[in-house]
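Summary of structural features
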Amino acid sequence: MSIFRSRSAQAAVVAVTAGALALTGCGGGGGKSKDNSKTKKDAAAQSVSVKLGDEKASTGPAEPVPGAKPGGTMKVYNATDFSHLDPGQIYVSDAGMLGKLLFRGLTTNKEDEKGNQTVVGDLATDSGTTEDGGKTWKYTLKDGIKDEKGHVIDSADVRHTIERMYDTYITDGPSYIQQWLSGSGTSYRKAYAGPSGGKHLPDSVLETPDKKTVIFKFKEAKPDLPQALAMVGYNIVPKGTDTKKKYDKAPVAVGPYKIGEYKPGKSMKLVKNPNWDPKTDAMRHAYVDGFDIEFNHNDDDQTKTILADRGEAKDAVMFTGQVSTTQLQKVVGDASAMKRTIQGYAPYVWQMNFNLDRIKDKKIRDAISYAMPANAVFKADGGAYGGEVANNLLSPTTPGYDDSFDPFNRKGKPNGDIAKAKKLIEEAGAKGKKIVYAHGSEQMRQEQAVLVEDALKKIGLSPQKKQIDSATFYEQVGKVKNDYDIYMTGWGQDWASGATVIPPVYDGTQIQDGASNYSHINDKHVNAEIVRIQKIVDPKEAAKAWNELNKYIVTKVNPAAPVYYTKVFQIAGSNIGGLRYSTTTSYTDVTRVYLKK
C-alpha cells in the first residue's frame, strides 16, 4: 500500500492521514455479487483516510441514519459466549463488537457513508491536542457524561482505567499505552504494579490536574495515541465500581446500552442505558430498545436461520458470524437475499503458529508451511467469499505490504507443495513425528482441522488434533506453557501501521501469558529491529522497514506459516435497516442499525 501518515504538530489538534484500520466493503446491492473481484489490489484501492477530529467533529449527536426508526429488539446470533466483558481484557472481535454498544473511551472512530474514518473525541472534547509533536497529549473531558449508575465520569476514572491495565489480572488486553508510558515488552509491569499496589503512576507520566483534564507524557513522540485510545481495551472502567477480577462478569456501561440479563454460555440481553446522552456522542446511535444475543449458533445455523427470514430472524444480525460455505450458493443465487448482505476486505492474516518451545527444527516448520492447503482452508471459511490465500505475514491493508514476497509459493501452489514438504521432513529425520494441533470448536475450524490433518499426514507427520472451546481458544493458546505444537490464529492491525502487527506478535520481550506472541519467537535481531523501527518518524521509511523485518521473520525464523487473508460476507434479516460494513470493526456496523417496522 502507498497510503501513509503525514504528521504536523500544532497547538491545535494534530491532523493525521493514514490507511484505514480495515477496508470499506461494497454493501449488498442486489443481483449478482462482485465478491470474487475483491483481491489484494482491491484492499489497497479501498483504503481510506483516517484523520484526527477537532471539537466540532467530536460533538454529538451522531448524524442521523436516513430512514431510521426507533424501537424494537434486535436479534443477534453468535457462535460462542464472549471470552471477556471487562474492556481491559478485550482484544478479540466479537467482544469488541459488544464493546461498541456498552463502553466509551477518550476517543473513538467515526465513519462516514463511504467508510472514511475520523478519530474523534468520545468522552473527550476532541481527539487530543499536542504542542510538541506527540510527546505530550492533553485531553479535556466533556461535561456531565454518566455511567449506568449515574456517576459522572471524571479524570480519576480515566487515570484508573489506564493504571488498572498494569494489574497482573489484566492479561488479554492491549499493551501499547502501558509500554509507551513505562517500558517496552513486559518491563512496564516492573515499573508499576497497578492500582492494586496502592499507588498511582507519577505525574511525570500521567497527570490529572483537575477533574476534567488528562495529560499523557511520553519520552518519545507517540503520534498514534488517539488511535490507541480508541481501542475497546482502553474504554473507561469507573474507579468506584471496579470489582477487579469480578468486573469481567458484570461491567458497568457508559455507552448507549447496558447488560440487562446474562446467562453465561446461553444468552445475553442488552437494554438501553438511561444515563447515556446522545448529545455527547458523535458516533453511536441507539435506535433499537435492546439486543437479544443468543450463543451456540455456528455459521451454518446463523446463515440458514437468517436466510429463511422467518419470525425473529427478520430482526437478526450477525456480530462476527459469516455466511457459511454450505449455504453460500443459496445466498449468492438469491437476489433478494443479496440485498441484505455486506462484504468487505478485512485486515486479518490467519497464520499457523509454531510453538517454538516445542518445534525447534526450522526444517519441520518450513515443511509444514509448504504443506499448508491454504486455498482449501480459506474456502472452508466462507468459500470464495471467505478470503484469499496469504503469501506472507503482512496483510494487504498494511502500509508496506509487498505482494511479490511469496516465500512458500502460495501463488504457484495455493494448496501446498507436498513433495517439497515431504522432502524436508525426511531431511529432518522427522518422519512419524507427533504434531499436536490445537483448533477451535466452531464447525468451520473443525472442517479446517481435517484439511490440515490430511496435509500433515501426507508429508509423513503424525498429527493429533486437540479441540478447544472457541470461547476460550485464545486464552488457552496464549499460555506460554501450553501443550500444543501448532495452532492457527488471526491477527489484524489495530490501526494502519506495521507497528501494530510486528511488535505485538513477534517481539520476544513481550512473551507472557495472554500476550499475542503465540509462537514465542524471541530472536535478538527481531527484537532489536523492533526497537529501532519504532523510533522512525517518517511513515514511508517505517513501512519499508517493517516489511524488510517481515521478510527476515518469515525466511530466517519462520515462527508462523501464512495461510489466508480474510474477507467478510454477512447476511441480516429483511427488517434490518442501516446495514453497512464497518471499516472500524470489519463487520456489521452495530452502532447505526435499526428495525424498519
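Thresholds, definitions, all that
Residues numbered from 1 in each chain as written. Predicted model: local features only at pLDDT ≥ 70, side-chain atom pairs only at ≥ 80, totals over all residues. Heavy atoms only, no water. Helix = DSSP H or I, 4+ residues; strand = E, 2+ residues; numbered from the N terminus. Rg over C-alpha atoms; globule rule 2.2 N^0.38 Å. Buried < 20%, exposed > 50% of the residue type's maximum accessible area, 1.4 Å probe, protein only. Contact = heavy atoms within 4.5 Å. Areas by Shrake-Rupley, 256 points an atom, 1.4 Å probe, with all protein chains shown as cover. Lys, Arg positive; Asp, Glu negative; His and termini not counted. Charge placed at Lys NZ, Arg CZ, Asp CG, Glu CD. Core = buried A, V, L, I, M, F, W, Y, C linked by side-chain atoms within 4.5 Å. Phe/Tyr/Trp six-rings, centres within 6.5 Å; stacked < 30°, edge-to-face > 60°. Lys NZ or Arg CZ within 6 Å of the ring centre and 35° of its normal. Pairing = 2+ DSSP bridges. Axes fitted to C-alpha atoms, helices over the stretch in contact; angles between N-to-C directions. Parallel < 35°, antiparallel > 145°, perpendicular 65-115°, else oblique. Left-handed = near helix turned anticlockwise from the far one by under 90°. Patch = residues over 30% accessible without salt bridge, like charges linked within 9 Å, V, L, I, M, F, W, Y side chains within 5 Å. Salt bridge = Lys/Arg side-chain N within 4 Å of Asp/Glu carboxyl O. Nonpolar A, V, L, I, M, F, W, Y, C, P; charged D, E, K, R; others polar. Expected span 1.5 Å × (residues − 1). Polar contact = N/O pair within 3.5 Å; in protein donor to acceptor, adjacent residues only side chain to side chain. pLDDT = per-residue confidence, 0-100.

1. Remarks on the overall build of the protein
- Across its full length, the protein carries 17 helices and 23 strands.
- A compact globule built from 597 residues should have a C-alpha radius of gyration of about 25 Å, and the protein, at 23 Å, falls within 12% of that.
- With respect to the principal axes defined by its C-alpha atoms, the protein has extents near 70 × 55 × 45 Å.
- A burial count over the protein gives 62% of its 597 residues as buried.
- Taking the intrachain contacts of the protein between residues at least 6 apart in sequence as the baseline, contacts between residues at least 24 apart amount to 75%.
- A total accessible area of about 22,200 Å² is found for the protein, and carbon and sulfur atoms account for 49% of it.
- Charge centroids of the protein, computed over 82 positive and 71 negative side chains, lie 3 Å from each other.

2. Observations concerning the nonpolar core
- Counting 58 residues, the largest nonpolar core has Met352 and Ile486 as the members making the most contacts within it.
- The greatest single-element share of this core, amounting to seven residues, is contributed by helix α17 (residues 539–557).
- With residues up to four places along the chain from it excluded, the contact list for Met352 reads Met372, Tyr437, Val452, Ile486, Tyr487, Met488, Pro559, Ala560, Ala561 and Val563.
- One finds Ile162, Tyr169, Ile170 and Ile236 within the second-largest nonpolar core, a separate group that totals 37 residues.

3. Notes on the packing of aromatic side chains
- A full pass over the atoms with the stated rule returns 20 aromatic pairs.
- Seen from their ring centres, Tyr484 and Tyr487 are 6.4 Å apart, and the 80 degrees between their planes marks the pair as edge-to-face. Of the two residues examined, Tyr484 and Tyr487, each falls in the buried class.
- These aromatic residues form a ring-pair network of at least three members: Tyr139, Tyr176, Trp180, Phe216, Phe218 and Trp495.
- Geometry around Tyr247 places Arg164 over its ring, the cationic atom sitting 5.4 Å from the centre.
- Across the ring face of Trp350, the terminal group of Arg445 is positioned such that the distance to the ring centre comes to 3.9 Å.

4. With respect to the sheet that holds strand β13 (residues 267–272)
- Spatially, the five strands line up as an open sheet ordered β12-β13-β14-β5-β15, and their pairing is mixed. The open sheet has two edge strands with one neighbour each: β12 (257–263) and β15 (316–318). In this sheet, adjacent strand axes meet at a mean angle of 25 degrees when their direction is disregarded.
- Its contacts with the sheet put helix α7 (residues 299–308) on β5 (73–77) and β15, and the angle it makes with β15 is roughly 145 degrees.

5. Looking at the pairing of β13
- The pairing of β12 with β13 spans six bridges and is classified as antiparallel. Note on β13: the bridge partner recorded for Tyr262 is Met268.
- From the end of β12 to the start of β13, which pair antiparallel, there are three residues, and Gly265 there has a positive phi angle of about 80 degrees.
- Taken together, the five bridges between β13 and strand β14 (residues 290–294) define a ladder with antiparallel strand orientation. Residue pairing for β14: Lys269 is matched across the bridge by Asp292.

6. Comments concerning the sheet that holds strand β20 (residues 486–492)
- In spatial order, the strands read β17-β21-β16-β20-β18-β19; together these six strands make up an open sheet with mixed pairing. Both edges of this open sheet fall to β17 (387–389) and β19 (462–468), since each of them pairs with a single strand only. Direction aside, the axes of adjacent strands within the sheet are offset by 30 degrees on average.
- Of the strand pairs in this sheet, strand β18 (residues 434–440) and β19 are connected by seven bridges, and their pairing is parallel. Each residue of the ladder has a partner; that of His439, found in β19, is Gln467.

7. Describing the packing of helix α10 (residues 362–371) against helix α12 (residues 418–427)
- Interaxial distance between α10 and α12 falls to 8 Å at its minimum, and their mutual angle equals 165 degrees. On the basis of their axis angle, the class for α10 and α12 is roughly antiparallel. Relative to α12, the crossing made by α10 is left-handed. Where α10 abuts α12, its residues Lys363, Ile364, Asp366, Ala367, Tyr370 and Ala371 lie against Ile418, Lys420, Ala421, Leu424, Ile425 and Glu427.

8. Re a positive patch on the surface
- A surface patch of positive charge is lined by Lys69, Lys314, Lys596 and Lys597.
- By the secondary structure assignment, Lys596 is in the segment after β23 (594–595).

9. Description of the packing of helix α16 (residues 524–533) against α17
- Closest axis-to-axis distance for the α16/α17 pair is 11 Å, and the angle between their directions is 175 degrees. Between α16 and α17, the angle falls in the class roughly antiparallel. In this structure, α16 contributes His525, Val526, Glu529, Ile530, Arg532 and Ile533 to the contact, and α17 contributes Ala542, Ala545, Trp546, Leu549, Tyr552 and Ile553.
- Here the residues of the contact of α16 with α17 are counted per class, giving nine nonpolar, one polar and two charged.

10. Some remarks on α17
- The end-to-end C-alpha distance of α17, which contains 19 residues, comes to 26 Å, matching closely the 27 Å that a straight helix rising 1.5 Å per residue would cover.
- Within the sequence span of α17, burial applies to Ala542, Ala543, Ala545, Trp546, Asn547, Leu549, Asn550, Ile553, Val554 and Val557.
- The inward-facing, buried residues of α17 abut α10, α15 (502–506) and α16.
- Its side-chain oxygen at 2.9 Å from the backbone nitrogen of Lys540, Asp538 defines the N-terminal cap of α17.
- Directly beyond the C-terminal end of α17, a positive phi value near 55 degrees is found at Asn558.

11. Here we look at the side chain of Asp86
- Mapped onto the secondary structure, Asp86 falls in the loop between β5 and α2 (93–102).
- The exposure class of Asp86 is buried, given its relative accessible area of 2%.
- A polar atom in the side chain of Asp86 sits 2.9 Å from the backbone nitrogen of Gly88.
- Excluding residues that lie within four positions of it along the chain, Asp86 makes contacts with Arg164, Ile170, Val237, Lys244, Tyr247 and Asp248.

12. Here we look at the confidence of the model for the protein
- Residues at a pLDDT of 70 or more form 92% of the protein, whose mean pLDDT is 90.
- Across residues 45–49, confidence stays below pLDDT 50; counting only partners more than four residues off in sequence or on other chains, it has 19 contacts.

13. Some words on the pairing of strand β6 (residues 107–111)
- The buried fraction of β6 is high, at four of five residues.
- The sheet contact formed by β6 and strand β7 (residues 117–121) spans five bridges and is antiparallel. Directly across from Glu111, in β7, lies its bridge partner Gln117.

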